[in-house]
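So the chains spell out like this:
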Amino acid sequence: MAYTRRDKQYLICELCPHACRIAPGKDGFCGVRGNRGGELDLPYYGALSAQGLDPIEKKPLYHFYPGSLSFSLGFVGCNLRCPFCQNYQISQSTDSQTNALSPAEAVERAIESGAGSISYTYSEPLIHIEFILDTAAIARRNGLKNVLVSNGMLNESPAKDLYRAMDAANIDLKSFSRDYYRSTLMGDLDTVLNSIAIAYRSLHLELTTLIIPDGNDGPEEFEAMIGFIAALSEEIPWHLSRYFPRYRSTKPPTPEQELIDLAEKASRRLSFVYLGNMRSDLTDTRCPACGRLLISRSGYRTLIKNRDRTGCDECGTSLPYRI
């Protein structure tokens, strides 16, 4: 998918904004899409770096079948170069040990696990779009939901194809600075914003931002992120995650109080703001109208308090989650 031929030998990959011009025998920026004899080659099709059963809250998805389990598939490679990457061993290299599964085998394992969904996650799944689409089609025929956990760095046409095949997604909004995306992450903010907008129209969407001290936490930038999300919908769940030093980043961890203050600021315009990677009661879901506790969470233990699946027991306010 998503490539054209040039000069009978070179390929132009059209999956993401890198638009890699791939010479024969070479791979693109992501390391998993290559040119072999003038044809697009996918040597890591079905090569999984991890597979296992996770709580859906680990994605994190808080409003999509809370308390359920999802069979998670991990990949290798990425089309970003985040210096603070939490999974750099598999995202910044293709040397990790992998096990090959066909789409049918992946779905079979998900069914055997008792999960209600398959999550494409851990490393960047969208650069493996062909495998995901093949697997998602079989999963749907077998009654499984499809979940994407992604950086959202995907061009418009393939984004529409991919998101139509998914039921839910958590997409990273890593910054609201074009320069930060370009110089620090080696990505493109506008592509991500467009991708998020397409996802919002296509599936159940939640967003995550890893808050980097003196990186993406400036007041003007943070307000711009709030404004962008609110313009799509004030009911999109936003997960603000605490950063810890990892990979090439040695900055100290995000102060917990900063996360709490940012969540309070975001909650003035957004109905559902959650904190991650720290102990906090800002992991519970409350009715945005009356404050009733709807879903309580302790780690990955989830307890649904609200009896009504669509509205608040206390005030009747309609609730944007799937149970």
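Please read these numbers as outputs of a predicted model, since none were measured by experiment.

Trainee: Describe the pattern of salt bridges, with residues and values.
Mentor: If the charged atoms of two oppositely charged side chains come close together, the side chains can form a pair. One pass over the structure, following the stated rule, counts 15 salt bridges. The partner of D54 in a salt bridge is K58, and the shortest N-O contact between them spans 3.7 Å. The exposure class of D54 is buried, given its relative accessible area of 7%. Measuring nitrogen to oxygen at the nearest pair gives 3.5 Å for the salt bridge that ties R182 to D179. One end of the pair, R182, and the other, D179, are both in helix 5 (residues 178-185), 3 residues apart, so they sit about a helical turn from each other. On the basis of relative accessibility, which here comes to 45%, the residue D179 falls in the partly exposed class.

Trainee: For the pairing of strand 1 (residues 3-6), give the residues involved together with the corresponding values.
Mentor: With 4 bridges connecting them, strand 1 and strand 2 (residues 10-13) associate as antiparallel partners. If you follow Y3 over to strand 2, its bridge partner there is C13. The antiparallel pairing of strand 1 with strand 2 creates a hairpin that spans 3 residues between the two strands, and D7 there sits at a positive phi of about 55°.

Trainee: Describe the sheet that holds strand 17 (residues 293-298), listing the residues and the values that go with them.
Mentor: Across the sheet, which stays open at both edges, the 3 strands sit in the order 16-17-18 with antiparallel pairing between neighbours. Two strands lie at the open edges of the sheet, namely strand 16 (285-286) and strand 18 (301-304), each paired on one side alone. Across 2 bridges, strand 16 lies against strand 17 in antiparallel orientation. If you follow T285 over to strand 17, its bridge partner there is I295.

Trainee: Mind laying out the environment of E314, listing which residues take part and the relevant values?
Mentor: Position of E314 relative to the elements: it lies in the segment after strand 18. E314 sits in the exposed class, given a relative accessible area of 58%. Each residue touching E314, except ones within four places of it in the same chain, is listed here: C290 and R292.

Trainee: Describe in detail the packing of aromatic side chains, supporting the description with residues and values.
Mentor: Between two aromatic rings, the relevant description is the distance of the centres plus the angle of the planes. The full count for this structure, using the stated rule, is 7 aromatic pairs. Consider the rings of Y62 and Y274, whose centres lie 4.7 Å apart with planes at 70°: the pair is edge-to-face. Within this pair, whereas Y62 is found in the loop between strand 7 (50-55) and strand 8 (69-74), its partner Y274 is found in strand 15 (residues 273-276), the two being separated by 212 residues in sequence. Residue Y274 is classed as buried on the basis of its relative accessible area of 1%. Seen from their ring centres, F176 and F228 are 5.8 Å apart, and the 50° between their planes marks the pair as tilted. Highlighted residues: F176 in the loop between strand 12 (168-172) and helix 5 and F228 in helix 7 (residues 219-232), separated in sequence by 52 residues. Accessibility expressed as a relative area gives 22% for F176, which makes it partly exposed. Counting every residue linked through ring pairs, the aromatic cluster contains Y45, F75 and F131. For R21, the ring lying beneath its charged end belongs to Y10, and the centroid distance is 3.7 Å. Against the face of Y274 rests R297, its NZ or CZ located 5.6 Å from the ring centre.

Trainee: Lay out the side chain of N151 in plain terms, naming residues and giving numbers.
Mentor: Mapped onto the secondary structure, N151 falls in the loop between strand 11 (145-150) and helix 4 (156-165). Among the polar contacts listed, one links the side chain of N151 to the side chain of N79, at a separation of 3.0 Å. Residue contacts for N151: discarding those within four places in its chain leaves C78, N79, L80, E124, L126, I171, D172, K174 and V192.

Trainee: Describe the packing of helix 7 against helix 8 (residues 256-266), naming the residues involved and giving the relevant values.
Mentor: Look at helix 7 against helix 8: their axes get within 10 Å of each other, and the N-to-C directions meet at 45°. Accordingly, the angle class assigned to the pair helix 7 and helix 8 is oblique. For the pair helix 7 and helix 8, the crossing hand works out as right-handed. For the pair formed by helix 7 and helix 8, the contact residues are P219, F222, E223 and I226 on the first element and L262, K265 and A266 on the second.

Rules of the game
- Residues numbered from 1 in each chain as written.
- Predicted model: local features only at pLDDT ≥ 70, side-chain atom pairs only at ≥ 80, totals over all residues.
- Heavy atoms only, no water.
- Salt bridge = Lys/Arg side-chain N within 4 Å of Asp/Glu carboxyl O.
- Buried < 20%, exposed > 50% of the residue type's maximum accessible area, 1.4 Å probe, protein only.
- Helix = DSSP H or I, 4+ residues; strand = E, 2+ residues; numbered from the N terminus.
- Pairing = 2+ DSSP bridges.
- Contact = heavy atoms within 4.5 Å.
- Phe/Tyr/Trp six-rings, centres within 6.5 Å; stacked < 30°, edge-to-face > 60°.
- Lys NZ or Arg CZ within 6 Å of the ring centre and 35° of its normal.
- Polar contact = N/O pair within 3.5 Å; in protein donor to acceptor, adjacent residues only side chain to side chain.
- Axes fitted to C-alpha atoms, helices over the stretch in contact; angles between N-to-C directions.
- Parallel < 35°, antiparallel > 145°, perpendicular 65-115°, else oblique.
- Left-handed = near helix turned anticlockwise from the far one by under 90°.

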